[in-house]
Amino acid sequence: MLGFKLALRNLVGAGLRTWLNVLVLSLSYVVIIYVNGMLHGWDIQAKVDMKNWEIGEGQYWCSGYDPLDPFTLQESHCAFPQEFMPMIQSGEVVPVLVSLASFYPEGRIQSIQLKGIPAGQDLIRIPTASLAGGEGEAIKAVVGRRMAKSNQLKVGDLVTARWRDRNGTFDATDVEIAAIFSCDVPSVDMGQIWIDLDQMQRMLGMPGEATLLIRGDKAPPDLTTAGWVEKDLKILLAEVDELIKTKSFASTVMAMILLALALLAVFDTQVLSIFRRQREIGTQIALGMTRWQVVRLFTLEGAMHAVLAAIVAALYGIPLLAMQARSGIPMPQSTDTMGFAIAEKIFPVYSSGLIVVTIIFILIAATVVSYLPARKISRLNPTEAIKGKIQ
Amino acid sequence: MKNVITLNTRKTLITLLSLIILLPYLSISLLGQTPTAQQILERIDRNQSADSRIFTASMIIHAQRGERTMEMKIWSVGDQKSFTEYLAPAREKGTKMLKLADQLWMYSPSADRTIQISGHMLRQSVMGSDLSYEDMMDDQRLTDNYDAQVVGPDTLGGRDCWVLELRARSTDLAYQRRKMWIDRERYVPLKEELYAKSGKLLKQTLLSDVKLIDGRWFPTRVVYQDMLKLGGGTEFVIHEIRFNVPIAESTFNKSMLK
């Protein structure tokens, strides 16, 4: 306790030098917590959005289907498995049929994915209720905000779509844009048109067939059936995990550079302090303190920078980070079309684990860099030190 | 007297028999002058098919945002083998395409790579034109796959035509319905329309500048138009064509692409 008081008094006595170090170190606390909180918030938000809009609680894929390989789409349609029929009828499992098509907005040709989904489903948040009643001349369709923007589509617009049926025969019809939805998951939006499943099955000549089945939380996850491959959340969200991991690595490097600069300042302060306070060190040893007690005192003094920095960081960091957690961090518009799930605003999530780990990590790092120059004290000759001889 | 009667009867019989034998031919040439659709298609095939062809042509793409012209030389044997080399503009010069039956390869000199065009890539436009790669691959003989019937006469560009409607015999053809306008005198198609299953007009081809080359009538200007797209279509103009010229087998080798 005495050592603690002494260290605190010495630190405060050093004045501006101490507070500059503390300020830089406090920035490291805030930046590390901020960056990790933002990535954690993005991770949670992306996964929730993907579950709500695209993947549900898991999926079953028709064998051979690979969403990243359009070559597989032509053949990837399987009959609904009989075991799933009750769940499909109750809406706990939602079938989706996927096919390639050409779209002609404003007389331009564009390759798209045509997706058929039951009009009455409410498992994912695509506004499929708007697809009902498209039995007239034009098929009713819903598109995402990005698709609508890139093709200048409005609700009520009529656009021609052309596709090939299961026999390879060309067919074409007009599609009426019944609704435009806004979501943060580009993989259900960009280059895609959603129409009613029954209608699409008739168009393609594929009654009772689908490319994938989306599972809700009420449907058991371990159903297996011939011709269908189960894809759990771990597989379906692997892309988000990979992305966050990559981003996290880049952010960690940045935070570590900042922390290294702050620790370098602490290290320098320690070196200078030991150099300038040799007489004091010599006197302490002469008065009966062991060398290691003095080393401990100086190490504690250095480590106290981290404690003070934590207090200063809390003073300005808590209101700042809390405000951002409430109002969110706006993302640049260019991220909208990057192809991964990212909201217009990211709401950081600061877990207590993150805060505790950050404090402990910086405290240990500050202690280590304080101890390294203090080791010199153990080699000091107290008589020479009292005389003020440089050693 | 009896001999005279016998002679007259014999003459009448010979005349009747001759009429019975020649009736189908007379019905085409003298009575209705309308050959069957099948006969028309066979005459077109005879007029247009050749063992081999070598020709130079220009492809002019009339897009919404302007016009582009490409020069090319094409070697083909039957309807299964074809080799195309782009000669101009400088950006496309050296691009080569090889079609062997239902496979298509393309060499791009800028990337120095040969790629096989397949799957969804077949749906893409050839050099931004109104033709897709799969249109290029469509080489099935009409007489083998379609039931045709003459639906009436018409006049196109001042030429008398027969209008033929073709319905697919099987469900696995790209187009279930086609309509063709055939020059009655030269047996050359002057227009073709391709329809979707729903009846929507998808593509239109206009053929003109018909010339007599090596004893056959051949259209040297073809305008393809994707009817769902805006723009003036894609014009294909043949500058020089030679039929039944020997072409080395090595021309259709993948190694010729580089």
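Thresholds applied
Residues numbered from 1 in each chain as written. Chains lettered and ligands numbered in written order. Predicted model: local features only at pLDDT ≥ 70, side-chain atom pairs only at ≥ 80, totals over all residues. Helix = DSSP H or I, 4+ residues; strand = E, 2+ residues; numbered from the N terminus. Buried ≥ 20, exposed ≤ 12 C-beta atoms within 10 Å, placed from the backbone. Contact = placed C-beta atoms within 7 Å. Rg over C-alpha atoms; globule rule 2.2 N^0.38 Å. Expected span 1.5 Å × (residues − 1). Bend = angle between axes of the 7 residues up to and from the residue. Nonpolar A, V, L, I, M, F, W, Y, C, P; charged D, E, K, R; others polar. Pairing = 2+ DSSP bridges. Domains from an automatic or database assignment. Core = buried A, V, L, I, M, F, W, Y, C linked by C-beta atoms within 7 Å. pLDDT = per-residue confidence, 0-100. Axes fitted to C-alpha atoms, helices over the stretch in contact; angles between N-to-C directions. Left-handed = near helix turned anticlockwise from the far one by under 90°. Parallel < 35°, antiparallel > 145°, perpendicular 65-115°, else oblique.

Peer 1: Help me understand the overall build of chain B in this model?
Peer 2: A tally of helices and strands in chain B yields 4 helices and 13 strands. Counting across all 258 residues of chain B, residues that qualify as buried make up 22%. When contacts within chain B are restricted to residue pairs at least 6 apart in sequence, long-range pairs at least 24 apart make up 42% of them.

Peer 1: When you look at the overall build of chain A in this model, what are you seeing that I'm missing?
Peer 2: Looking only at helices and strands, one finds 11 helices and 13 strands in chain A. Taken against the 2.2 N^0.38 rule, which gives 21 Å for 391 residues, the C-alpha radius of gyration of chain A at 32 Å runs more than 25% over that of a compact globule. Over its C-alpha atoms, taken along the principal directions, chain A stretches across nearly 100 × 45 × 30 Å. For chain A, long-range pairs separated by at least 24 residues make up 80% of all intrachain contacts whose partners lie at least 6 apart in sequence.

Peer 1: In this structure, what is going on with helix α9 (residues 291-327) of chain A? I would like to understand it.
Peer 2: A turn of α-helix holds 3.6 residues, and therefore any two residues three or four places apart point the same way. Taking 1.5 Å of rise per residue, the 37 residues of α9 of chain A would be expected to cover 54 Å, and the 53 Å separating its terminal C-alpha atoms lies within 8% of that figure. The largest bend along α9 of chain A measures about 40 degrees and falls at Gly317 of chain A, with the proline Pro319 of chain A one to four residues further on.

Peer 1: Got a minute to help me understand the interface of chain A and chain B in this structure?
Peer 2: Quite often, the size of an interface is put as the accessible area lost when its parts meet. Tallying the contact residues gives 19 residues for chain A and 20 residues for chain B. Listing elements by their share of the side of chain A that touches chain B, those giving two or more residues are β3 (93-104), β6 (158-164) and β7 (170-181) of chain A. At 4 residues, the largest contribution of residues to the side of chain A that touches chain B is made by β7 of chain A. When its residues are assigned to classes, the side of chain A that touches chain B shows 7 nonpolar, 8 polar and 4 charged.

Peer 1: Looking at this model, I keep getting lost on the pairing of strand β12 (residues 216-226) of chain B. Mind explaining?
Peer 2: Regular strands show a simple pattern: their side chains alternate between the two faces of the sheet. Residues and elements named next belong to chain B. Where strand β11 (residues 201-213) lies against β12, 10 bridges are found, and the strand directions are antiparallel. Looking across to β12, one finds that Leu207 is bridged to Val222. The hairpin turn running from β11 into β12, its antiparallel successor, is 2 residues long, and Asp214 in that turn takes a positive phi close to 50 degrees. The pairing of β12 with strand β13 (residues 233-243) spans 4 bridges and is classified as antiparallel. Across the sheet, residue Tyr224 finds its bridge partner in β13, namely Thr234. Taking the residues between adjacent antiparallel strands as the criterion, β12 and β13 are bridged by 6 residues, where Gly231 takes a positive phi near 120 degrees.

Peer 1: Could you clarify how one ought to interpret the domain arrangement of chain A in this entry?
Peer 2: Split by domain assignment, chain A resolves into domain 1 (2-51 + 239-387) and domain 2 (59-231). Averaged C-alpha coordinates put domain 1 of chain A and domain 2 of chain A at centres separated by 51 Å.

Peer 1: How should I be thinking about the nonpolar core in this particular structure?
Peer 2: Proteins that are soluble and globular tend to have nonpolar side chains buried together. Residues and elements named next belong to chain A. Judged by nonpolar contacts, the single largest core of 75 residues is most densely connected at Ala141, Val143, Ala161, Ile193, Leu212 and Ile214. Those residues within four positions of Ala161 in sequence are excluded, and the remaining contacts are Ala101, Phe103, Leu114, Ala172, Thr173, Val175 and Ile193. Core analysis: the next-biggest nonpolar cluster, separate from the first, contains 36 residues, Leu263, Leu300, Ala310 and Tyr350 among them.

Peer 1: What is the right way to look at the confidence of the model for chain B in this model?
Peer 2: Detailed reading of the predicted coordinates is not advisable wherever pLDDT is low. Residue and element names in this part refer to chain B. Within chain B, residue pLDDT values average 82, and 84% of them lie at 70 or more. Counted against residues more than four places away or in other chains, residues 12-32, with its pLDDT under 50, gives 4 contacts. With a pTM of 0.76, the predicted complex shows an ipTM of 0.75.

Peer 1: So what exactly am I meant to see when it comes to the environment of Ala219 of chain A here?
Peer 2: Residues and elements named next belong to chain A. Of note, Ala219 is situated in the loop between β10 (212-215) and β11 (228-231). In this structure Ala219 comes out as buried when scored by C-beta crowding, with 23 C-beta atoms within 10 Å. Along the chain, Ala219 and Gly144 lie 75 residues apart, while their C-alpha atoms are 27 Å from each other.

Peer 1: Please clarify how the packing of helix α7 (residues 238-276) of chain A against helix α10 (residues 352-374) of chain A should be interpreted in this entry.
Peer 2: Angle between the axes and distance between the axes: these two values describe a pair of packed helices. All names here are of chain A. Interaxial distance between α7 and α10 falls to 9 Å at its minimum, and their mutual angle equals 35 degrees. Where α7 crosses over α10, the two elements pack in a sense that is right-handed. Contacts between α7 and α10 involve Leu259, Leu263, Val266, Phe267, Gln270, Val271 and Ile274 on the former and, on the latter, Ile362, Ala365, Ala366, Val369, Ser370, Leu372, Pro373 and Ala374. For the contact of α7 with α10, the residue count by class is 13 nonpolar, 2 polar and no charged.

Peer 1: Is there a simple way to explain the packing of helix α2 (residues 16-55) of chain A against α9 of chain A in this structure?
Peer 2: Residues and elements named next belong to chain A. Viewed as axis vectors pointing N to C, α2 and α9 meet at an angle of 50 degrees, and their least axial separation amounts to 7 Å. With respect to their mutual orientation, α2 and α9 come out oblique. By crossing handedness, the relation of α2 to α9 is classed as right-handed. Within the contact between the two elements, α2 uses Asn21, Val22, Leu23, Leu25, Ser26, Tyr29, Val30, Ile33, Tyr34 and Gly37 and α9 uses His305, Ala306, Leu308, Ala309, Ala310, Val312, Ala313, Gly317 and Leu321.

Peer 1: Explain α10 of chain A to me, please; I cannot follow it from the model alone.
Peer 2: Residue and element names in this part refer to chain A. Compared with the 33 Å implied by 1.5 Å per residue over 23 residues, the 33 Å span of α10 between its first and last C-alpha is a close match. All of the buried residues along α10 are Ile355, Thr358, Ile362, Ala365, Ala366, Val369, Ser370, Pro373 and Ala374. Contact partners of the buried residues in α10: α2, α7 and α9.

Peer 1: What's the story with unusual backbone geometry in this structure? I'm lost.
Peer 2: Most peptide bonds adopt trans geometry, and most residues besides glycine take a negative phi value. Residue and element names in this part refer to chain B. Note that the residue after Ala88, namely Pro89, is joined by a cis bond; omega there is 0 degrees. In the Ramachandran plot, Asn244 falls in the positive-phi region, its phi being about 50 degrees despite a non-glycine side chain. Note on placement: Asn244 falls in the segment after β13.

Peer 1: Just checking my understanding: could you explain the environment of Glu240 of chain B for this structure?
Peer 2: All names here are of chain B. Inspection of the secondary structure puts Glu240 in strand β13. Overall, Glu240 belongs to the exposed group, with 11 C-beta atoms counted inside 10 Å. In this structure the C-alpha to C-alpha distance between Glu240 and Thr205, which are 35 residues apart in sequence, comes to 21 Å. Those residues in contact with Glu240, other than ones at most four positions away along the chain, are Phe55 and Thr56.

Peer 1: What is the right way to read the pairing of strand β2 (residues 66-77) of chain B from this model?
Peer 2: Residues and elements named next belong to chain B. Here 12 bridges tie strand β1 (residues 52-63) to β2, and the two strands are oriented antiparallel to one another. Each bridged residue has a counterpart across the sheet, and for Ala63 the counterpart in β2 is Gly66. Counted along the chain from β1 to the antiparallel partner β2, the turn is 2 residues long. Across 7 bridges, β2 lies against strand β3 (residues 81-88) in antiparallel orientation. Across the sheet, the residue bridging to Val77 is Lys81, located in β3.

Peer 1: What is the right way to read the environment of Glu92 of chain B from this model?
Peer 2: Residues and elements named next belong to chain B. Tracing the backbone through its elements, the reader meets Glu92 in the loop between β3 and β4 (96-100). C-alpha separation for the pair Glu92 and Glu71, spaced 21 residues apart in sequence, amounts to 9.2 Å. Every residue in contact with Glu92, bar those within four places of it in the chain, is listed here: Met70, Tyr86 and Met127.

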